[in-house]
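Letter by letter, the chains look like this.
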Amino acid sequence: MTLALGVPPHERSRGWGKVPEELSARVPAEQRGPGRDRDDVRLLVSRGTEVAHHAFRELPRLLRAGDLLVVNTSPTLAAAVDGRVGHARVVVHFSTRGDDGRWAVELREPDGKGTTRARAGGPAGTEVRLAGGVRLTAEEPLSPGSGRLWWARVSPVGAVPGLLREHGRPIRYSYTERDQPLSVYQTVFALPSVDGSGSAEMPSAARPFTAGLVAELVSRGVQFAPITLHTGVASAEVHEPPYPERFVVPEASARLINAARAGNGRVIAVGTTAVRAVESAAGADGVVRARAGWTDLVVTPARGVRVVDGLLTGLHEPEASHLLMLEAVAGRDAISRGYEEALVGRYLWHEFGDVHLVLPEESADAEHCSGNHQ
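This text gives an overview of the structure that appears in the document. (Residues numbered from 1 in each chain as written. Predicted model: local features only at pLDDT ≥ 70, side-chain atom pairs only at ≥ 80, totals over all residues. Heavy atoms only, no water.)

### Comments concerning the overall build of the chain
The test is simple: Where helices and strands are cited, they refer to DSSP runs of H or I of at least four residues and of E of at least two residues respectively, numbered from the N terminus. In short, Shrake-Rupley with a 1.4 Å probe defines the accessible areas, and a residue's cover is counted only from the protein chains shown.
Check the secondary structure of the chain and you find eight helices and 16 strands. Carbon and sulfur atoms make up 52% of the accessible area of the chain, which totals about 15,800 Å².

Right, here's the structure in full:
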């Protein structure tokens, strides 16, 4: 999910350039040295154009009692499966399960290095042979003009969850060093879904949370509102806008969000997926109501946000459409300033990298100033 359609090239320049390759996080934090855990990452904190540098473990004292963290409970799927089209080897990335039982899939070519490279999808009728006698037949592009993702019929019906459990592996991108077990891609908030649905890619903003950190946040009066949004396969090469994704905002979470907004609490989304779900459930009056279904919402500065006050997220590439969402929350100047600091400070990018906490500017007479101290 990258570049938003309808954004002229001159509006995409944000004043900071391409991310150096050496700033890609190649392994998870807990594998970078003995005694390390998931929360051993850095935390860049933006309040307007003011930037502070912290460790992620300091998050509990950067928030305050009454704040509400909206977290995505979608589990990460072992969504990559080897297959064959004729005699050619392919890798199928299972992206999104449709209501009609079909799956949106991306066909890739193995690159001989343990990762994959782009391959044209389709044409209609293309059959992919998978393990266990499973067959996949491409039927139509996910959206007009898109050749990357295709709706495909899987036979036998209902075979995908078992196929992924037995023969799947997490989707891996070329900047990572090696294959990782699926457990590495699950967040502490992940819950299994009844129908086997989940996210093709990890809701990675929540990855640094540990059970101990969650307990400390709760003990300090920070609340959690779970939502679910199953995210699909992002485009590593072709910049495309987000496409519709399945989401659920439960009644209990809607009440928690509305109560926080009615009081002095700040609603802070953990990840862009949480922003998309909550804003999709918010009416024009800013009230969040329980909702379940599909969302095609693209959050941009022009659209703005109705509910979210802040955002905890990973660091995104300069052309990523997620940056438009960040600008909708905090403004273009704040995000540009934060990313300039991240580059100078040698922060690490991508799903195993460091994180960025975007908070609203504190008023001059704010009683709670804990987040301003290092």
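### Description of the pairing of strand β6 (residues 103-110)
The criterion, for reference: Working definition: with a 1.4 Å probe on protein chains only, accessible area under 20% of the residue-type maximum means buried, over 50% means exposed, and in between means partly exposed. A pair of strands is treated as paired once DSSP finds two or more bridges between them.
The buried fraction of β6 is high, at six of eight residues. For strand β5 (residues 88-97) and β6, the ladder comprises six bridges, and the chain directions are antiparallel. Paired with Val 92 across the bridge in β6 is Leu 107. Connecting β5 to the antiparallel partner β6 that follows it, the hairpin turn spans five residues, and Gly 101 within it adopts a positive phi of roughly 90 degrees. As paired elements, β6 and strand β7 (residues 116-118) share three bridges and run antiparallel to each other. Residue Glu 109 lies in a different strand from β7, and its bridge partner there is Arg 117. Where β6 folds back onto β7 in an antiparallel hairpin, the turn is made up of five residues, including Gly 112, whose phi is positive at roughly 80 degrees.

### Some points on the nonpolar core
Keep this limit in mind: By nonpolar core we mean a set of buried residues, namely Ala, Val, Leu, Ile, Met, Phe, Trp, Tyr and Cys, connected to one another through side-chain atoms within 4.5 Å. Whether two residues are in contact is decided by their heavy atoms: any pair within 4.5 Å suffices.
In this structure, Val 70, Val 249, Ile 257, Val 278, Val 288 and Trp 349 are the most contacted members of the largest nonpolar core, which totals 40 residues. Among the elements that take part in this core, helix α7 (residues 322-330) stands out by supplying five residues, more than any other. Not counting residues within four places of it along the chain, the set of residues in contact with Trp 349 comprises Val 19, Leu 23, Ser 24, Ala 25, Leu 315, His 316, Glu 317, Tyr 339, Ala 342 and Leu 343.

### Describing the sheet that holds strand β1 (residues 42-47)
Rules: As a rule, the C-alpha atoms of each element are fitted with a line to give its axis, helices using only the stretch in contact, and angles between N-to-C directions run from 0 to 180 degrees.
With mixed pairing, nine strands are arranged side by side in an open sheet as β2-β1-β16-β15-β13-β3-β11-β12-β14. The sheet is open, and its two edges are formed by β2 (50-55) and β14 (291-295), each paired on a single side. Put simply, the sheet's adjacent strands are angled 20 degrees from each other on average, direction ignored. Taken together, the six bridges between β1 and β2 define a ladder with antiparallel strand orientation. The residue bridging Ser 46 from the neighbouring strand is Val 51, located in β2.

### A look at the pattern of salt bridges
We count it as follows: Salt bridge, as used here: a side-chain nitrogen of Lys or Arg that lies within 4 Å of a carboxyl oxygen of Asp or Glu.
One pass over the structure, following the stated rule, counts 26 salt bridges. Here Glu 109 makes a salt bridge to Arg 117, at a shortest N to O gap of 3.2 Å. Linked through salt bridges whose partners overlap, the residues forming this network are Asp 100, Arg 102, Glu 139, Glu 140 and Arg 153.

### Looking at the environment of Ser 336
Mapped onto the elements, Ser 336 comes out in helix α8 (residues 332-344). Distance in space between the C-alpha atoms of Ser 336 and Thr 49 is 8.5 Å, their sequence separation being 287 residues.

### Observations regarding the side chain of His 230
Here is the rule: Whenever a nitrogen or oxygen atom comes within 3.5 Å of another N or O atom, the pair is scored as a polar contact, on the condition that within protein one atom can donate a hydrogen and the other can accept it, and that pairs from neighbouring residues in sequence are kept only if both atoms are in side chains.
Position of His 230 relative to the elements: it lies in the loop between β11 (223-229) and β12 (245-249). At 2.7 Å, the side chain of His 230 forms a polar contact with the side chain of Ser 74. Here His 230 is in contact with Ser 74, Pro 75, Ser 197, Gly 198, Ser 199, Glu 245 and Arg 246, once residues within four sequence places are set aside.

### Here we look at the side chain of Ser 280
Structurally, Ser 280 can be placed in helix α6 (residues 272-280). Of the residues examined, Ser 280 reaches a relative accessible area of 9% and is grouped as buried. A polar contact of 2.6 Å, which involves the side chain of Ser 280, links it to the backbone oxygen of Arg 276.

### Structural notes on the packing of aromatic side chains
The cut-off we apply is this: A pair of Phe, Tyr and Trp rings is counted when the ring centres sit within 6.5 Å of each other, with Trp represented by its six-membered ring. The angle between the planes then sorts it: under 30 degrees is stacked, over 60 is edge-to-face, the rest tilted.
Tallied over the full model, the rule gives seven aromatic pairs. Note on Phe 189 and Phe 224: the rings are 5.8 Å apart at their centroids and 40 degrees apart in plane angle, and the pair reads as tilted. On the criterion of sequence distance, the pair formed by Phe 189 in the loop between α3 (160-167) and α4 (211-219) and Phe 224 in strand β11 is long-range, its members being 35 residues apart. Accessibility expressed as a relative area gives 12% for Phe 189, which makes it buried. Three or more aromatic residues joined by ring pairs form one cluster here, namely Phe 56, Phe 189, Phe 209 and Phe 224.

### Overview of the environment of Val 85
Following the sequence through the fold, Val 85 ends up in strand β4 (residues 80-85). Other than its neighbours up to four places away in sequence, Val 85 contacts Val 90, Arg 119, Thr 126, Glu 127 and Val 128.

### So, helix α5 (residues 251-262)
Cut-off, in case you're wondering: Residue count minus one, scaled by 1.5 Å, sets the expected span of a helix.
The terminal C-alpha atoms of α5 lie 16 Å apart, and with twelve residues this matches the ideal 16 Å at 1.5 Å per residue to within 8%. The elements touched by buried residues of α5 are β3 (68-72), β11, β12, β13 (267-270) and α6.

### Details of the packing of α6 against α7
The cut-off we apply is this: Handedness of a crossing follows from how the near helix is turned relative to the far one, being left-handed for an anticlockwise turn of less than a right angle and right-handed for a clockwise one. Charged means Asp, Glu, Lys or Arg here, nonpolar means Ala, Val, Leu, Ile, Met, Phe, Trp, Tyr, Cys or Pro, and polar covers whatever is left, Gly included.
The contact between α6 and α7 brings their axes to 11 Å, and the two run at 65 degrees. Once α6 is placed against α7, the crossing between them reads as left-handed. Side by side, α6 and α7 meet where Thr 272, Val 275 and Arg 276 of the first sit next to His 322, Met 325 and Leu 326 of the second. A class-by-class count of the residues in the contact of α6 with α7 yields three nonpolar, two polar and one charged.

### With respect to the packing of α7 against α8
What counts here: By the definition adopted for this analysis, an angle is roughly parallel if under 35 degrees, roughly antiparallel if over 145, roughly perpendicular if from 65 to 115, and oblique otherwise.
As a packed pair, α7 and α8 sit with axes 7 Å apart at the nearest point and diverge in direction by 120 degrees. As the angle between them shows, α7 and α8 are arranged oblique. Residue-level inspection shows Leu 323, Leu 326, Glu 327 and Ala 330 of α7 in contact with α8, the latter providing Arg 332, Ala 334, Ile 335 and Tyr 339. Here the residues of the contact of α7 with α8 are counted per class, giving six nonpolar, no polar and two charged.

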